[in-house]
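As a plain string of letters, each chain reads:
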Amino acid sequence: MKEEIIIAGFGGQGVLSMGKILAYSGLMEGKEVSWMPAYGPEQRGGTANVTVIVSDDKISSPILSKYDAAIILNQPSLEKFESKVKPGGILIYDGYGIINPPTRKDIKVYRIDAMDAANEMNNAKAFNMIVLGGLLKLRPIVTLENVIKGLKKTLPERHHHLIPMNEEAIKKGMELIREV
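Residues numbered from 1 in each chain as written. Predicted model: local features only at pLDDT ≥ 70, side-chain atom pairs only at ≥ 80, totals over all residues. Heavy atoms only, no water.

1. Topic: the overall build of the protein
Worth spelling out the cut-off: A helix here means a DSSP run of H or I that spans at least four residues, while a strand means a run of E at least two residues long, and both kinds are numbered starting from the N terminus. Exposure is judged per residue with a 1.4 Å probe applied to protein chains only, and the accessible area is read against the type maximum: over 50% gives exposed, under 20% gives buried, and values in between give partly exposed. The contact criterion used throughout is that any non-hydrogen atoms of two residues lie within 4.5 Å. We get accessible surface area from the Shrake-Rupley algorithm with a probe of 1.4 Å; when it comes to residues, only the shown protein chains can shield them.
Helix and strand counts for the protein come out as six helices and seven strands. Shown N-terminal to C-terminal, the secondary structure of the protein runs as helices and strands in the order β-α-β-β-β-α-β-β-α-α-α-α-β. Overall size of the protein, expressed as C-alpha extent along the three principal axes, is 40 × 40 × 35 Å. Counting every position in the protein, which comprises 180 residues, the buried fraction comes to 50%. Of the contacts formed within the protein by residues at least 6 apart in sequence, a portion of 58% connects residues at least 24 apart. For the protein, the exposed surface amounts to about 8,800 Å²; the carbon and sulfur share of it is 51%.

Structure, rendered in structure tokens:
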């Protein structure tokens, strides 16, 4: 098993932390992982993306030009990365941030209305965990149990009381994701 993933959106959407949690979850399962963030100097509001590789075997390079899965959270990221999904791969997008949806026919396209769900939960910070839940429903590369362990590793202890809410958000994402 080897999954090469790009997560892209605006800074402040939890793009980098989603990637970090995924990487830590892979480590908890004894897998090889790579986590490589890229963001502009503006951080919040600027574009940000992270490449995550989770593999059973050694990872030869963290630099990728094509991806098995893309999670796209804004229009500029869709324009940049839609063409870089491998044929047969998947693209997940949040309906809130996309004006012109993906058009490729050689990949599977899924929509997740994570922003709306986060608003319904009265917790904008749940957004990225809802999206992560959607990915894990389609590609169960790590278990929910190990994602929770990954959250415990990445969240400061003062935020550990939020872990049950994050678990609920992941499960919500698993329910919400739909093929377009």
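2. Some words on unusual backbone geometry
Phi at Asn-122 is positive, roughly 55°, even though this residue is not glycine. Structurally, Asn-122 can be placed in the loop between α3 (114-120) and α4 (127-138).

3. Some thoughts on the packing of aromatic side chains
What counts is decided by this rule: Pairing of aromatic rings covers Phe, Tyr and the six-membered ring of Trp, with a centre-to-centre limit of 6.5 Å; geometry is then stacked below 30 degrees between planes, edge-to-face above 60, and tilted otherwise.
This model, assessed by the stated rule, comprises one aromatic pair. A ring pair is formed by Tyr-67 and Phe-81, whose centres lie 6.3 Å apart and whose planes are at 80°; its orientation type is edge-to-face. Residue Tyr-67 is located in strand β4 (residues 67-72), and its partner Phe-81 is located in helix α2 (residues 75-81); the two are separated by 14 residues in the primary sequence. As far as the burial class goes, Tyr-67 and Phe-81 line up, both buried.

4. Considering helix α1 (residues 15-28)
Count 3.6 residues to each turn of an α-helix, and residues three or four apart come out pointing the same way. Keep this limit in mind: What a helix is expected to span follows from its residue count: subtract one and scale by 1.5 Å.
Taking 1.5 Å of rise per residue, 14 residues should cover 20 Å, and α1 covers 20 Å from first to last C-alpha, within 8% of that figure. In the segment just after α1, Gly-30 is the residue with positive phi, at about 75°.

5. Concerning the nonpolar core
Rules: By nonpolar core is meant a set of buried Ala, Val, Leu, Ile, Met, Phe, Trp, Tyr and Cys residues that side-chain atoms within 4.5 Å join together.
Counting 39 residues, the largest nonpolar core has Leu-22, Ile-71, Ile-92, Ile-130, Val-131, Leu-132 and Leu-135 as its most contacted members. The element that contributes the greatest number of residues to this core is α4, accounting for seven residues. In this view, Val-131 contacts Met-18, Ile-71, Leu-73, Ile-112 and Ala-114; residues no more than four positions away in its chain are not counted.

6. Re the environment of Gln-75
Relative to the elements of secondary structure, Gln-75 occurs in helix α2. Separated by 25 residues in the primary sequence, Gln-75 and Asn-100 have C-alpha atoms spaced 7.4 Å apart. In this structure, Gln-75 is in contact with Gly-97, Ile-98, Ile-99 and Asn-100, ignoring residues within four places of it in sequence.

7. As for the pattern of salt bridges
As a reminder of what qualifies: What makes a salt bridge here is a side-chain nitrogen of Lys or Arg within 4 Å of a carboxyl oxygen of Asp or Glu, nothing more.
The final tally for this structure, using the stated rule, is twelve salt bridges. Ionic pairing is found between Lys-86 and Glu-4, a salt bridge with its closest N-O pair at 2.7 Å. Of this pair, Lys-86 sits in strand β5 (residues 85-94) while Glu-4 sits in strand β1 (residues 2-10), and the two are 82 residues apart along the sequence. Judged by relative accessible area, which is 8%, Glu-4 ranks as buried.

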